[in-house]
Amino acid sequence: MIHNYTEVVVQRFLPEVLKEYKKNNPETCTCTRCQEDITALALNQLPPHYVVSDEGTIFTKVNFDQMSGKAQVIAAITNAIKQVAANPRHDKSQP
């Protein structure tokens, strides 16, 4: 099955980055809608890395780790959090 490895990485790091961001910005919303918006914005800032096999996933993971991919992902997620926090699209009565 074909999938975008970048999406896997963003979803893996989102909870950790969001938790760290909330330490200094406790008003930041973490509702499902905001998290989905953050994920979509972060993915739009990053290049896709499509894989179709376990070997491709392993190869891509190694390349991500060696080419400062983690730093790029964290920066993209942080930028997306700031954008969504400034303009949340969720129902304000439902945090």
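Structure's up top.
Residues numbered from 1 in each chain as written. Predicted model: local features only at pLDDT ≥ 70, side-chain atom pairs only at ≥ 80, totals over all residues. Heavy atoms only, no water.

Undergrad: Please explain the packing of aromatic side chains as it appears in this structure.
TA: The geometry of an aromatic ring pair comes down to the distance between the two centres and the angle between the two planes. With the rule as written, the count across this model stands at zero aromatic pairs. For the cation-ring pair, Arg 12 lies above Phe 13, with the distance from its terminal atom to the ring centre recorded as 5.3 Å. (Phe/Tyr/Trp six-rings, centres within 6.5 Å; stacked < 30°, edge-to-face > 60°. Lys NZ or Arg CZ within 6 Å of the ring centre and 35° of its normal.)

Undergrad: Please explain helix H4 (residues 69–86) as it appears in this structure.
TA: Given 3.6 residues per helical turn, the α-helix brings residues three or four places apart onto the same face. Between its first and last C-alpha, H4 extends 26 Å over 18 residues, near the 26 Å set by a 1.5 Å rise per residue. Inspection of H4 places Gly 69, Val 73, Ala 76, Ile 77, Ala 80, Ile 81 and Val 84 among the buried residues, and these make up the whole buried set. Considered in projection along H4, the buried side chains sweep an arc of 140 degrees and stay on one side of the axis. (Helix = DSSP H or I, 4+ residues; strand = E, 2+ residues; numbered from the N terminus. Expected span 1.5 Å × (residues − 1). Buried < 20%, exposed > 50% of the residue type's maximum accessible area, 1.4 Å probe, protein only. Arc of directions from axis to C-beta.)

Undergrad: Help me understand the side chain of Asn 4 in this model?
TA: Mapped onto the elements, Asn 4 comes out in strand S1 (residues 3–4). Within the local environment of Asn 4, its side chain forms a polar contact with the backbone nitrogen of His 49, the two atoms lying 3.0 Å apart. When sequence neighbours within four positions are dropped, the list of residues in contact with Asn 4 reads Pro 48, His 49 and Tyr 50. (Polar contact = N/O pair within 3.5 Å; in protein donor to acceptor, adjacent residues only side chain to side chain. Contact = heavy atoms within 4.5 Å.)

Undergrad: Explanation requested: a nonpolar patch on the surface in the structure shown.
TA: Together, Ile 2, Tyr 50 and Val 52 give the surface a local cluster of nonpolar side chains, amounting to about 370 Å² of exposed area. In this fold, Val 52 is placed in the loop between strand S2 (50–51) and helix H3 (54–66). (Patch = residues over 30% accessible without salt bridge, like charges linked within 9 Å, V, L, I, M, F, W, Y side chains within 5 Å. Areas by Shrake-Rupley, 256 points an atom, 1.4 Å probe, with all protein chains shown as cover. Salt bridge = Lys/Arg side-chain N within 4 Å of Asp/Glu carboxyl O.)

Undergrad: Where do I start with the nonpolar core in this structure?
TA: Val 10, Ile 38, Val 73, Ile 77 and Ile 81 are the most contacted members of the largest nonpolar core, which totals 23 residues. Those elements giving two or more residues to this core turn out to be helix H1 (5–24), helix H2 (32–45) and H4. With residues up to four places along the chain from it excluded, the contact list for Ile 81 reads Val 17, Leu 18, Tyr 21, Thr 28 and Ile 38. (Core = buried A, V, L, I, M, F, W, Y, C linked by side-chain atoms within 4.5 Å.)

Undergrad: Teacher, can you tell me more about the side chain of Asp 37 here?
TA: Tracing the chain through its elements places Asp 37 in helix H2. Each residue touching Asp 37, except ones within four places of it in the same chain, is listed here: Val 84 and Arg 89.

Undergrad: Can you walk me through the pattern of salt bridges in this structure?
TA: Side chains that differ in charge, positive against negative, can pair when their charged atoms come close. Here the structure, examined in full by the defined rule, presents three salt bridges. Put simply, Glu 20 and Lys 23 hold a salt bridge, and the shortest N to O gap is 2.9 Å. Highlighted residues: Glu 20 and Lys 23, both in helix H1, separated by three residues, approximately one helical turn. Among the ionic pairs, Asp 37 bridges to Arg 33, the shortest N-O distance being 3.9 Å. Of this pair, Asp 37 and Arg 33 both sit in helix H2, four residues apart, which is roughly one turn of that helix. Residue classification places Asp 37 among the buried positions, given a relative accessible area of 13%. Looking at Arg 33, the relative accessible area reads 36%, which means it is partly exposed. Three or more residues joined by partner-sharing salt bridges are found here, namely Arg 33, Asp 37 and Arg 89.

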